Amino acid sequence: MPAMPPWFTPLPPWPCVRIDGLVAGQLVLELAASRPLILASAPGIVGLAGAGWWAALGEGLQQDGVLLLLDAADQMGQVLTALRAGVQAIAFAPPAAMPDDGIGRLLGLAAAHGATLYQRPAHAIEPCWIRNRDASLRQWLSQQLDIQGM
């Protein structure tokens with residue numbers, strides 16, 4: 001993944017798991033046993049499920065040490081929709097053609113809404129599409145949490 005511009009907030013060095021709903025999110029939180037992690041959406045899901053869906057999902061999964069991250073991919077319109085829905089943490093990779101002043105305005109809008117724009121996750125597990133996801137997720141999380149000394 002290319003280096004991120006300095007204006008984006010770096011993600012914390014926590015394991016990142018992509019979730020597709022409340023049940024998956026609750027499973028991840030249970031397995032993480034109160035250790036810090038990132039729960040991320042699929043890239044660009046706002047166009048399919050809507051930002052309100054993610055905002056409501058976040059209410060059911062909010063805990064200390066958990067970053068609920070909506071991945072807007074490179075879609076500025078999805079960032080704006082997420083801000084209007086009250087999403088607080090948004091991952092965004094601006095398209096190459098987006099001027100710096102456009103990024104600055106977007107950051108200003110995010111700040112005005114009390115939200116933060118983050119870099120997109122470089123690595124994430126997607127247990128929702130893995131057969132026997134509970135066992136796969138347990139193994140991956142235990143390895144990640146041990147490796148990171150949490």
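Everything numeric here is computed off the predicted structure, so don't read it as measured data. (Residues numbered from 1 in each chain as written. Predicted model: local features only at pLDDT ≥ 70, side-chain atom pairs only at ≥ 80, totals over all residues. Heavy atoms only, no water.)

1. Quick look at the nonpolar core
The nonpolar side chains of a soluble globular protein tend to be buried with one another.
1) Next: Counting 37 residues, the largest nonpolar core has Ile-19 and Leu-39 as the members making the most contacts within it.
2) Next: Among the elements of the structure, α1 (22-32), β2 (37-40), α3 (51-61), β3 (66-71), α4 (76-85), α5 (100-112) and α6 (133-147) are those that each provide at least two residues to this core.
3) Next: It is α1 that provides the largest number of residues to this core, a total of 6 residues.
4) Next: Of all hydrophobic cores here, the second largest spans 9 residues; its members include Ile-38, Ala-40, Leu-67 and Tyr-118. (Core = buried A, V, L, I, M, F, W, Y, C linked by side-chain atoms within 4.5 Å. Buried < 20%, exposed > 50% of the residue type's maximum accessible area, 1.4 Å probe, protein only. Helix = DSSP H or I, 4+ residues; strand = E, 2+ residues; numbered from the N terminus.)

2. Quick word on the packing of aromatic side chains
1) Next: This structure, assessed with the given rule, holds 2 aromatic pairs.
2) Next: Ring centres 6.4 Å apart and planes at 50° place the aromatic pair Phe-8 and Phe-92 in the tilted group. Note that Phe-8 is positioned in the segment before β1 (16-18) and Phe-92 in the loop between β4 (89-91) and α5, a separation of 84 residues in sequence.
3) Next: Ring geometry for Trp-53 versus Trp-54: centroids 5.8 Å apart, planes at 55°, classification tilted.
4) Next: Residue Trp-53 is classed as partly exposed on the basis of its relative accessible area of 29%. (Phe/Tyr/Trp six-rings, centres within 6.5 Å; stacked < 30°, edge-to-face > 60°.)

3. Some points on the pattern of salt bridges
1) Next: Going through the model one piece at a time under the given rule, you end up with 3 salt bridges.
2) Next: The salt bridge partner of Arg-18 is Asp-71, with a shortest N-O separation of 3.3 Å. One end of the pair, Arg-18, is in strand β1; the other, Asp-71, is in strand β3, and 53 residues separate them in sequence. Here Arg-18 and Asp-71 have matching classes, each one buried.
3) Next: Linked through salt bridges whose partners overlap, the residues forming this network are Arg-18, Asp-71 and Arg-120. (Salt bridge = Lys/Arg side-chain N within 4 Å of Asp/Glu carboxyl O.)

4. Overview of the environment of Pro-94
1) Next: Following the sequence through the fold, Pro-94 ends up in the loop between β4 and α5.
2) Next: Distance in space between the C-alpha atoms of Pro-94 and Met-76 is 7.4 Å, their sequence separation being 18 residues.
3) Next: If sequence neighbours within four positions are ignored, Pro-94 has contacts with Phe-8 and Ile-103. (Contact = heavy atoms within 4.5 Å.)

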